[in-house]
Amino acid sequence: MKTTVSLQTVLPALALTWGMAASPAASAESIDVLMSDLFPRDEMTYIGFDSVEREDIPQSAGIDRKYLIVDFRTLQPQPQEEQLASVHRVCMALLKNRELIHSLSRQGYDMVSVAFDRNSQYDCL
């Protein structure tokens, strides 16, 4: 199951709710700190993040071109239901960090994805 919500859809609602008083830039360290503290170490480990830009897609195409992948690993494979709950937890942590969301949007990110292995990723915004 794949859940996708674009930043263009989420940001206007967030702006109305929180206002536009975000700090100038969220750093890579803030993503690392946010993600590293999200799960107990014995449950899931944050590996890092990667920025992907699809330059083969024209900007005028109106589809997602630039996205961030936050990567986690587990010691044991998770059942589908637990994996989706983990995706929700990661996505909500990102969405609640308004400074980070505003910064990602200003940097041109269209989407954030969560990965637990090399074979699957889940889009959250």
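A few points on the structure. (Residues numbered from 1 in each chain as written. Predicted model: local features only at pLDDT ≥ 70, side-chain atom pairs only at ≥ 80, totals over all residues. Heavy atoms only, no water.)

### Things to note about the side chain of Ser86
- For Ser86, the location among the structural elements is in helix α3 (residues 80-96).
- Contacts of Ser86, omitting those with residues within four sequence positions, involve Phe39, Met44, Gln78 and Phe116. (Helix = DSSP H or I, 4+ residues; strand = E, 2+ residues; numbered from the N terminus. Contact = heavy atoms within 4.5 Å.)

### Here we look at the packing of α3 against helix α4 (residues 98-106)
- Two elements in contact, α3 and α4, have axes separated by 5 Å at closest approach and are oriented at 85°. What the angle tells us is that α3 and α4 run roughly perpendicular. On the side of α3, the interface is formed by Leu94, Leu95 and Lys96, while α4 contributes Arg98, Leu100 and Ile101.
- Residues of the contact of α3 with α4, tallied by class, amount to four nonpolar, no polar and two charged. (Axes fitted to C-alpha atoms, helices over the stretch in contact; angles between N-to-C directions. Parallel < 35°, antiparallel > 145°, perpendicular 65-115°, else oblique. Nonpolar A, V, L, I, M, F, W, Y, C, P; charged D, E, K, R; others polar.)

### A word on the nonpolar core
- Counting residues in hydrophobic clusters, the biggest one holds 22 residues, and the most contacted among them are Met35, Val70, Phe72, Val90 and Val114.
- Going through the elements one at a time, α2 (28-36), β2 (66-73), α3, α4 and β3 (111-115) are the ones with two or more residues in this core.
- Among the elements that line this core, the one with the most residues is α3, at five residues.
- Not counting the four nearest positions on each side in its chain, Val90 is found in contact with Met35, Leu38, Phe39, Val70, Phe72 and Val114. (Core = buried A, V, L, I, M, F, W, Y, C linked by side-chain atoms within 4.5 Å. Buried < 20%, exposed > 50% of the residue type's maximum accessible area, 1.4 Å probe, protein only.)

### Describing the pattern of salt bridges
- For the structure shown, the criterion picks out two salt bridges.
- The partner of Arg89 in a salt bridge is Glu43, with the nearest N and O atoms 3.8 Å apart. You can see Arg89 sitting in helix α3 and its partner Glu43 sitting in the loop between α2 and β1 (45-53), a full 46 residues away along the chain.
- For the salt bridge of Arg73 with Asp71, the shortest nitrogen-to-oxygen distance reads 2.4 Å. (Salt bridge = Lys/Arg side-chain N within 4 Å of Asp/Glu carboxyl O.)

### Overview of the sheet that holds strand β4 (residues 121-123)
- One open sheet accounts for four strands, arranged β1-β2-β3-β4; its pairing is mixed. Either end of the sheet is taken by a strand with one partner, and the two such strands are β1 and β4. Across the sheet, the mean angle separating the axes of adjacent strands is 25° when strand polarity is ignored.
- The strands touched by α3 are β2, β3 and β4; relative to β4, the strand with the most contacts, the crossing angle is about 45°. (Pairing = 2+ DSSP bridges.)

### Some remarks on the pairing of β2
- Across the eight residues of β2, seven count as buried, placing the element largely inside the fold.
- Sheet topology note: the β1/β2 ladder contains eight bridges and is antiparallel. Looking at the pairing, Val52 lines up with Tyr67 of β2.
- Pairing of β2 with β3 involves five bridges; the strand directions are parallel. Its bridge partner lying in β3, Tyr67 is registered against Met111.

Geometric values such as these leave the question of function open.
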